Amino acid sequence: MSYEDIHHGRAYGLDLSPNVDTAPRWLSQATAAIGPLLGRYGLVIAFLILWQASSKLGWVNASVFPPLDQIIGALWKALSSGAIVDDIAISLQRSGIAFVAAVGLGIPLGLFMGQVRAVERALDPLLQFFRQTSALALYPVFILLLGLGEASKVFVIFWATLFPILLSTIGGVKEVDKKLIEMARTYGAGSLQIFRRVVLPASVPAIFVGLRLSATTALLLLIAAEMIGANKGIGFQVMNAQYNFQIPLMFAAILLLALLGLAANAALVLLQRRLCRWA
């Protein structure tokens with residue numbers, strides 16, 4: 001059949017074209033929705049399925065690596081009974097106080113050091129020395145100075161979270177385009193206006209990088225701080241469950257920490273998108 005026959009057939013309301021099988025619309029929509037999800041989280045989903053299958057099928061020791069349904073069940077039982085709610089509140093309080101203190105000191109000091117090069121040259125060697133010293137190595141010193149109470153735990157978290165914020169802020173200020181500053185001066189802007197309208201907005205993306213790193217560091221140091229001389233907190237629950245061989249509860253506490261870290265990172269990313277819509 002020629003093209004002219006098909007064309008004239010359609011003109012008289014006849015469909016002479018060969019039948020073509022098309023996929024259902026819902027299948028195309030589902031594929032379009034699931035495709036990006038699998039592209040981003042496919043490896044994570046595969047890892048979780050492998051963990052569950054390997055524990056159930058006996059490929060690994062289930063007493064050491066329990067299946068995910070037991071871990072989620074232990075987490076739900078701890079949350080529903082309220083056994084771990086107080087630990088979550090105490091851990092968030094410790095890490096939150098330390099994080100807020102690090103933000104309150106690190107961002108203003110970083111902005112000042114980034115603006116005044118003489119101060120940066122004077123303080124940078126000392127900052128680099130302390131930054132390379134592990135906070136966990138200094139934790140016994142903090143315990144000697146502040147005792148085994150809350151002060152030493154909060155301070156070791158503050159010490160570890162301060163440097164990512166401080167150095168990211170300094171780097172953000174130093175990377176501001178000099179042409180923007182010169183243009184602002186050409187239009188008669190003063191030093192304070194340049195700082196408020198040019199330097200500070202341009203430094204915000206770098207500052208948020210430091211904030212996200214510090215939030216992760218705060219949760220990591222929280223575990224180490226609560227494993228020594230603590231009787232409350234998620235880190236204490238991890239160690240206590242391990243001592244009592246409550247392995248599902250131990251993994252449940254670790255999973256809870258990971259979820260808290262993801263929530264903190266997501267909140268900072270959302271805040272960054274709102275504050276940096278121009279970027």
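This is a predicted model, so every value here is computed, not measured.

Reading the values: rules and limits
- Residues numbered from 1 in each chain as written.
- Predicted model: local features only at pLDDT ≥ 70, side-chain atom pairs only at ≥ 80, totals over all residues.
- Heavy atoms only, no water.
- Phe/Tyr/Trp six-rings, centres within 6.5 Å; stacked < 30°, edge-to-face > 60°.
- Helix = DSSP H or I, 4+ residues; strand = E, 2+ residues; numbered from the N terminus.
- Buried < 20%, exposed > 50% of the residue type's maximum accessible area, 1.4 Å probe, protein only.
- pLDDT = per-residue confidence, 0-100.
- Contact = heavy atoms within 4.5 Å.
- Core = buried A, V, L, I, M, F, W, Y, C linked by side-chain atoms within 4.5 Å.

Trainee: Before we move on, could you go through the packing of aromatic side chains and cite the residues and values that matter?
Mentor: Using the criterion set out here, one finds eleven aromatic pairs in the structure. Considering the side-chain rings of phenylalanine 47 and tryptophan 51, the 5.8 Å spacing of their centres and the 80° angle between planes classify their relative orientation as edge-to-face. Of the two residues, phenylalanine 47 and tryptophan 51 both sit in helix α2 (residues 25–56), four residues apart, roughly one turn of that helix. Note on tryptophan 51: relative accessible area 18%, which makes it buried.

Trainee: Give a detailed account of the confidence of the model for the chain, specifying residues and quantitative values.
Mentor: For the chain, the mean per-residue pLDDT works out to 82, and 86% of the residues sit at or above 70. Between residues 9–17, whose pLDDT stays under 50, and residues either more than four places distant or in other chains, the model counts seven contacts.

Trainee: Can you break down the nonpolar core residue by residue, with the values?
Mentor: Membership of the largest hydrophobic core comes to 41 residues, with the highest contact counts inside it found for Val156, Ile157 and Leu211. Looking at this core, the elements with two or more residues in it are α4 (85–115), α6 (135–146), α7 (150–174), α8 (178–186) and α9 (191–226). Per-element tally for this core: the top contributor is α9, with 13 residues. Once residues within four sequence positions are removed from consideration, valine 156 is found in contact with Ala135, Tyr139, Phe142, Leu221 and Ala225.

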